[in-house]
Structures are given as structure tokens and as C-alpha cells.
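# Fold and geometry: a report
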There are 2 protein chains.
Amino acid sequence: MSRTTINDIAALAGVSKGTVSRVLNGHPRVSERSQEAVWQAVTQTGYRANVHARSLATGRNNAIALLIAAASEQLFNDPTFAELIEGVRDGLLDSDLSLVILMGGSEIEDHRTVSYIKAGHVDGLIHLNPFIDDPITAGLADSALPLVLCGPRPPIPLPRRNWLVTMDDVGGVRQALDHLASRGARTIAMIGGDPRGVSAGIRFQAYRDWLGPNFDPDLFEPGDYGTGSGNVAFGRLPDRRPGIDALFCASDRMAIGALETAYRRGRHVPGDLLVMGFDDHQIAAQADPPLSTIHQPIREIGRTAASTLLAAMAGETPSDKIFPTQLVVRGSTWPQSTPTDSH
Amino acid sequence: MSRTTINDIAALAGVSKGTVSRVLNGHPRVSERSQEAVWQAVTQTGYRANVHARSLATGRNNAIALLIAAASEQLFNDPTFAELIEGVRDGLLDSDLSLVILMGGSEIEDHRTVSYIKAGHVDGLIHLNPFIDDPITAGLADSALPLVLCGPRPPIPLPRRNWLVTMDDVGGVRQALDHLASRGARTIAMIGGDPRGVSAGIRFQAYRDWLGPNFDPDLFEPGDYGTGSGNVAFGRLPDRRPGIDALFCASDRMAIGALETAYRRGRHVPGDLLVMGFDDHQIAAQADPPLSTIHQPIREIGRTAASTLLAAMAGETPSDKIFPTQLVVRGSTWPQSTPTDSH
DNA sequence: CTGAAAGCGCTTACAG
DNA sequence: CTGAAAGCGCTTACAG
């Protein structure tokens, strides 16, 4: 009934437990004979090393944590996260590290997450969406663990060893606005992202800078990246500021919400309103009309975050990675196409 | 630089490490004097016990795993999961167990998840959405760990010690269909849920049983719980089977997709089509018209799953819990209300 | 109430 | 190539 241990294997294989350990860890100088005997005993018994004993002996955990600032419904509604997580898992696939997902949100949960990490459960960290004043990140300020941020650096102290793997927010915003301008837009409004996140502020600033003297606070409405907030925001903008002929949204989902509201209000896209999203999720291509947007290589960001962390944990010194975005033009800014249901 | 250990605390407090351990674990018989000295030393140094040493000594992990069959985009689009997870976290809040989230999907990931559990990282399991032929559950068939299923029992061998915490699928379906009938529906179509999951089959069967001799395969269309699949499914149903005057969807999101398609096709809800969802998410109340639906106490299911597991881990023998559902009537089946935008 | 000691199951220099 | 032994940092009977 009691679990088989390395001693059982040693006895079965007729070697010392030191040799068992060497075989299990792929140590270079072990005789064929020993190897065979050990593997035979291992498969026969279904033996698995006790991870705690191993960690205690080596000081390593073979686990990394995926940090998520808050587990709101919004988060779970956001395809970006699903893709980012998939990417990270991809990047970990041929390491044997396990991935522990930790979420903040309430004070208790933030505290618990920080505790878990400080208790030494993991060897490295990937933070998916640091907030501006992120309590988890803040709680780790004096940690020696390597941290990879998927997003811009928040303005608070970080662990000493940290890296950035993200995409070029500012460049993406410019691509969108340049494109709208090239399509003849004169008055471009913006619906921004969740202001708790760092990138929402950066995208807003990029928009403001691009407009320069033409910037008008009435042209901007904050959102939370979700469809509903796009609906609401575009319900307000045109009343407050007439003459809007183009709309740039910080996420595809908000753009789709806005599209819906525009439709209900009888505004024709792209006929009398150009609309752009940001993300290039599946939903963008499926929208009616199909949504022009800024493509970000989310999955690759996730993968790269993982490989960067692996490198850092191996003692290398990887570099930050900022991926370029890419303009994707579809019906919502494409005057030629007249979207119809039939045909 | 090296981490403080129990020995450092013992030295600082002037007691043996046995006493330190007793204080830390709240052992009943320790002198005030020792307690104070130890806590003082602990706070002064910021000491935290090494979890691996502790686990090795006690044989316990103080961690449980939350299993998710597959991390598709659909999953992350589903508010049910967010709520369920929140509920579980709620239920764990005043234990000091940590929650490790493990996901399956590909073969590698399923294997990895099973491995992680078998390697002895956790003391208990909560499975959020067992599939009919769930590879993770199957991999754990001979496990001695307690398992709580949030959903119906899949037709494959489970760990010996398992419990169900879920809601009454069949009752919910009947409530919906009875309600539609009471509103005068004659020909009720259904859009079903993700057929990989166990409850989708049960809901379909309940629908079929309810219709009895009136059941017609052409009235049923499978979906995946997501909005898009509601759109698609309701795009097909009326063409294939004229005369449909009511639609029951296995999720609110599919119902909203169907509502959209109905709107575009000029069908008036509830005037010439009654529509019901299932879940009672926020989005149901916000839909246009507001969606009648079947309320399930998701958050409480999550909380109860956690407390049931805690009880099982403490050696008690909790009972299964099947929560009743509740009918929620709104505009989509409420003939009196004529939804309009402007008041 | 508390100390000394054994033990949890591994890994890894150290000799040979 | 390999065994014997020390050590990782805790917990917990066992005495006292």
C-alpha cells in the first residue's frame, strides 16, 4: 500500500539509490547494465520520484507561475487571454515544468498569490496582464525570481530579474490611425481599454499624441475591452461630439459592440463611419461588416514569454522582445465593399 | 543571503526547532514565553517554512487541483467558468490550501496533467467540466485522491472517492419547456450544448423525453454553448422545419446568438417566437429583449464543491449535492412587454 | 511544556 | 562507473 520509493527501486534493480538517482536524472556516466535494471524496476513498479524530496534536495521546483491580475468575468470573456495561455503552454511543452495559474482580484487573493510564490513553490513567473498599480507585482518587488511581463512595464518596483515580452502598442495605434486618415477620416474618436491595465494608458497616450492639437477629450471614451462597453461608449460619443466619422477601439470586442450600436442607430459602416478594432481575433473577421484591425501575435508572445523565462531560469540573459503589430484591412474601413446578408 | 530556516528561528528565539515547529503549527501546549519568542523571530526575519520540507515530513501538500477538460476559446468565453472558479476560490478562502489550475486539451496536456497529479502534487481534485470520455478523469481512475465533480458523472471509471456537486439538469430543462408550453408554444426547437460534455447529452435527453411522440430530430440543432453557434443553429432550424414558435437553448449565449439571427430575419421575439436560455448570466438580463432563462446557482456550486472536497480530505464522508434550478421569466417569453429602444 | 533524535525521500560531492 | 554518507528543512513520537 505504501508508495514505492527510491529504496525499493534500488533493491529491485540491485544497485544503490545513488545509482538509481543518476539513471533517473540522465547522468552521463552510468553503465548500460545499471540503466536497464533501473528502468525495468521503474516501469514494473510505476515508480515516480517524490517531488518534495527532490525539491528539498535540489532547491528547485520545476514549476512556474502564470500570474493574472484579476479573474473578472471580463477576463474570461477575453480571447486574448485564452490565446496567451495557450501560447505559454506551447512554449513549455517540451520542458517538464509544470504551470501553476495564480489569480489576484481581492485583497485576500492577491495576498495569497504573493504568499504562494514567496513560500517558494515556483522557480519563475510570467505575468499576463500587470495593472498599473499591481498589488501582486508590488508584493514581489524584492523577489529574486525571474519574471517575464507580457505587457508594458508598470510604474512600480519589479523583481530585480525581469524581462518584457510584448508588442508595440504605440506602433499599433499609429498604424490604425494612419490607416483611418488615409481612408479620409477627419474626426477620429477612440474607445479605450481597461484603465487598470498599463497598456490602456499607453494606447490612449499614443492616440492623443497622434492627434496633437486636434485632440479633444470629448472624442475619447474609456471601456473595459468587453463588447458591452463598446456598446455603451458608442452610445455616448456621437451625442457628445457630432461629426465623428471614424472610430478606433482598443479591442476587437469593443469595436463589435460599437458596430452593433452603430447599426441600431442607423449609421452605415463603412459608408458614413469607419471602425477599427485592435487584436485581430477570430471575431473580427466574422463581424458584419468584417472588422479592420491591428494584428498582434498573441500566441507567439505567449510562446516567447515561456522560452524567455526558461532561458532566464537557465542562467542565460535573454533580451526583451517587442513584437511589431500589423494592419489588417477589412470591410469596416473598405469603402468598396457593400456588405449584404444575401449572397 | 541564504534563506532563513527553522534553525535560524530556533537560535534567535532561544528554543529548539521542535518548539518552533509546534508554535508554527498551533500546537496546543506551548508556553506563552516560547510562542512570543518564536513569533517575534518569525516576523523579524520574514521566515516562511519550506513547503517541500514540510510536505516531505507530513506527507501532505496543502494544495488541490482544479481540472478543466480543455482550454478552448469557448471555455474562456464562457462566464459559467469564471463564476465557477470564483465560487471555488470563495470556498477555499479561509482554508490555507492553494489552488492549482490544470487544463487538458491536447494529448500531451492531458498526460501532463495526469502526471502532475500522480506525482503527488495535490491532495484533492475538483473537475469543472468532465467530458463524456474524459482522458484526464480516465487517467485518474485508480487514484486514491478525493475528487469532486461539478457536473454529472461521466460514464467512465472514476477515482474511488468521488462526489458530485452540480445542479438538476433534467429539472431545469423541464422548467423551461413547461414554461414555453404554458405561454402557448406548440413547436419547440432546441439548440444543444457542447456534445463532448456530459450535461449536453442529459439536457438533450430531457428535451426528447419531454416532447415524447412529438419529438422530431429536425427540431434539434447542436451547438457549443457560444454565441456564434446560436447564430448558426438558428440560421438553419426554421428553413429545415417550418412552424417553430419557440426555441430553447442550452445556454444564454446561444440564445443571444439566436436572438440576433431572429432579429435580422425579421422575426419578432416574443411576438412570433418565444426564446429561452439556460444559465441566467448577466448577459441574459441585458439582452434585447431581456432573456427568460433557467437560473443555476453557479457560484454556490463552486463554493460547495470546495467545501465538499475539504470535508472529504478531512476524512469525513460528505454527500453529493444537486442544486435545484429556477425559472426566470423575462421579455423573451413575456407577451405583454413590447421592447422598444426609446422607453 | 520542551529537547534530542529519528525520519520523510531524494541528490550529490567524495572516495575508490 | 558506483557505493556510502551527508544533507536538504521540516515534523513528531519519545522521554523527561
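Procedures and definitions
Residues numbered from 1 in each chain as written. Chains lettered and ligands numbered in written order. Predicted model: local features only at pLDDT ≥ 70, side-chain atom pairs only at ≥ 80, totals over all residues. Heavy atoms only, no water. Helix = DSSP H or I, 4+ residues; strand = E, 2+ residues; numbered from the N terminus. Buried < 20%, exposed > 50% of the residue type's maximum accessible area, 1.4 Å probe, protein only. Contact = heavy atoms within 4.5 Å. Areas by Shrake-Rupley, 256 points an atom, 1.4 Å probe, with all protein chains shown as cover. Lys, Arg positive; Asp, Glu negative; His and termini not counted. Charge placed at Lys NZ, Arg CZ, Asp CG, Glu CD. Phe/Tyr/Trp six-rings, centres within 6.5 Å; stacked < 30°, edge-to-face > 60°. Lys NZ or Arg CZ within 6 Å of the ring centre and 35° of its normal. Pairing = 2+ DSSP bridges. Axes fitted to C-alpha atoms, helices over the stretch in contact; angles between N-to-C directions. UniProt positions renumbered as here; feature names shortened; annotations may be inferred. Patch = residues over 30% accessible without salt bridge, like charges linked within 9 Å, V, L, I, M, F, W, Y side chains within 5 Å. Salt bridge = Lys/Arg side-chain N within 4 Å of Asp/Glu carboxyl O. Buried area = accessible area lost by both parts, 1.4 Å probe. Polar contact = N/O pair within 3.5 Å; in protein donor to acceptor, adjacent residues only side chain to side chain. Near = heavy atom within 4 Å. Nonpolar A, V, L, I, M, F, W, Y, C, P; charged D, E, K, R; others polar. Parallel < 35°, antiparallel > 145°, perpendicular 65-115°, else oblique. Left-handed = near helix turned anticlockwise from the far one by under 90°. Least-squares fit on C-alpha atoms with pLDDT ≥ 70 in both. Domains from an automatic or database assignment.

On to the overall build of chain A, then. The helix and strand inventory of chain A stands at 14 helices and 12 strands. Taking all 343 residues of chain A together, 56% fall into the buried category. Pairs at least 24 apart in sequence give 68% of the contacts found in chain A among residues at least 6 apart. Counting every atom, chain A has about 15,000 Å² of accessible surface; 51% of that belongs to carbon and sulfur. Here chain A contributes 31 positive and 38 negative side-chain charges, whose respective centroids are spaced 6 Å apart.

Here the focus is the side chain of B:S199. As for its position among the elements, B:S199 is in helix α10 (residues 198-211). Taking the relative accessible area as the measure of exposure, B:S199 reaches 17% and is therefore buried.

What follows covers the packing of aromatic side chains. For the coordinates displayed, the defined rule picks out 8 aromatic pairs over all chains. Where B:F204 meets B:F215, the ring centres are 5.9 Å apart and the plane angle is 70°; that geometry is what we call edge-to-face. Here the residue B:F204 occupies a position in helix α10, and B:F215 occupies one in the loop between α10 and β7 (220-221), the gap between them amounting to 11 residues. Using a relative accessible area of 18% as the deciding quantity, one classes B:F215 as buried. Here the aromatic rings of B:Y207 and B:F215 are separated by 6.2 Å at their centres, their planes lie at 80°, and the arrangement is edge-to-face. The pair B:Y207 / B:F215 is uniform in exposure class, with both members buried. Among the aromatic residues, ring-to-ring pairing joins A:F204, A:Y207, A:F215 and A:F220 into one connected group. The aromatic ring of B:F278 is capped on one face by B:R203, whose charged end is 4.1 Å from the ring centroid.

A word on the sheet that holds strand β3 (residues 124-127) of chain A. Residue and element names in this part refer to chain A. The strand order β2-β1-β3-β4-β5-β11 describes an open sheet built from 6 strands, whose pairing is parallel. Both edges of this open sheet fall to β2 (98-103) and β11 (321-323), since each of them pairs with a single strand only. Neighbour-to-neighbour, the strand axes of this sheet turn through a mean angle of 20°, independent of strand direction. Sheet topology places strand β5 (residues 162-167) next to β11; 3 bridges connect them, and they run parallel.

A few words now on the UniProt feature "domain: HTH lacI-type" (unreviewed entry) in chain A. Under the UniProt annotation, the feature "domain: HTH lacI-type" (unreviewed entry) is placed at residues 4-58 of chain A. Secondary structure within residues 4-58 of chain A divides into 69% helix and 0% strand; the distance between the first and last C-alpha atoms comes to 20 Å.

A cluster of nonpolar side chains, contributed by A:L327, A:V329 and A:W334, occupies part of the molecular surface with about 220 Å² of accessible area. Following the sequence through the fold, A:L327 ends up in strand β12 (residues 326-328).

Counting residues at the interface gives 47 residues for chain B and 47 residues for chain A. Of the roughly 4,200 Å² buried between chain B and chain A, counting both surfaces, carbon and sulfur atoms make up 54%. The interface formed by chain B and chain A holds 4 salt bridges in total. Across the pair B:R89 and A:E109 runs a salt bridge, and its minimum N-O distance is 3.0 Å. Counting across the chain B and chain A interface gives 14 residue pairs in polar contact (both at pLDDT 80 or more). Every element with two or more residues in the side of chain B that touches chain A is listed here: α4 (51-58), α5 (73-76), α6 (79-92), β2 (98-103), α7 (107-118) and α12 (252-264) of chain B.

Moving on, we get to the protein's contact with DNA strand D. In the vicinity of DNA strand D there are 26 residues, among which A:R22, A:R29, B:I6, B:S21 and B:Y47 approach most closely. Within 4 Å of the protein, atoms of DNA strand D come from sugar and phosphate in 66% of cases. In this structure, B:N25 approaches DNA strand D through a side-chain N or O atom, which is 3.1 Å from a phosphate oxygen. In the model, a phosphate oxygen of DNA strand D is placed 3.2 Å from a nitrogen or oxygen of the B:N50 main chain. Elements with a contribution of two residues or more to the surface near DNA strand D: α2 (17-24) and α4 (51-58) of chain A together with α2 (17-24) and α4 of chain B. Looking at the surface near DNA strand D, its residues break down into 9 nonpolar, 10 polar and 7 charged.

This paragraph deals with unusual backbone geometry. The omega angle of the peptide bond from A:D288 to A:P289 is -5°, so this bond is cis rather than trans. A positive phi angle, near 55°, is found at B:N62, a position not held by glycine. Mapped onto the fold, B:N62 is located in the loop between α4 and β1 (63-68). B:N62 sits in the partly exposed class, given a relative accessible area of 26%. Not every positive phi belongs to a glycine, and B:D280 is a case in point at roughly 60°. You can call B:D280 buried: its relative accessible area is 18%.

Residue and element names in this part refer to chain B. At a closest axis distance of 9 Å, the pairing of helix α1 (residues 6-13) and helix α3 (residues 32-45) adopts a crossing angle of 125°. Of the possible angle classes, the one that applies to α1 and α3 is oblique. As α1 runs across α3, the sense of the crossing is right-handed. Every residue of α3 that contacts α1 at I9, L12 and A13 is listed here: A37, V38, A41, V42, Q44 and T45.

Close to DNA strand C lie 26 residues, the nearest being A:I6, A:S21, A:Y47, B:R22 and B:R29. Sugar plus phosphate, as a fraction of atoms of DNA strand C within 4 Å of the protein: 66%. A:K17 has a polar side-chain atom sitting 2.9 Å from a base nitrogen of DNA strand C. Take A:N50: an N or O atom from its main chain is 3.2 Å from a phosphate oxygen of DNA strand C. At the level of secondary structure, the elements contributing two or more residues to the surface near DNA strand C comprise α2 and α4 of chain A together with α2 and α4 of chain B.

Moving on: the relation of the copies chain B and chain A. If you rotate chain B by 180° and push it 0.1 Å along the axis, it lands on chain A with an RMSD of 0.1 Å. This pairing of chains is accounted for by a two-fold axis. Both copies present the same face, since 100% of the interface residues in chain B are matched by interface residues at the equivalent positions in chain A.

Here the focus is the sheet that holds β1(B). Residues and elements named next belong to chain B. Strand order in the open sheet made by the 6 strands is β2-β1-β3-β4-β5-β11, with parallel pairing throughout. Both outer strands of the open sheet, β2 and β11 (321-323), are each paired with one neighbouring strand and no more. Pairs of neighbouring strands in the sheet enclose a mean axial angle of 20°, with direction left out of account.

Let us now look at the domain arrangement of chain A. Interface size, as often reported, equals the accessible area lost upon joining of the parts. Split by domain assignment, chain A resolves into domain 1 (6-49), domain 2 (63-168 + 298-323) and domain 3 (169-296 + 328-333). Between the C-alpha centres of domain 1 of chain A and domain 2 of chain A the distance comes to 36 Å.

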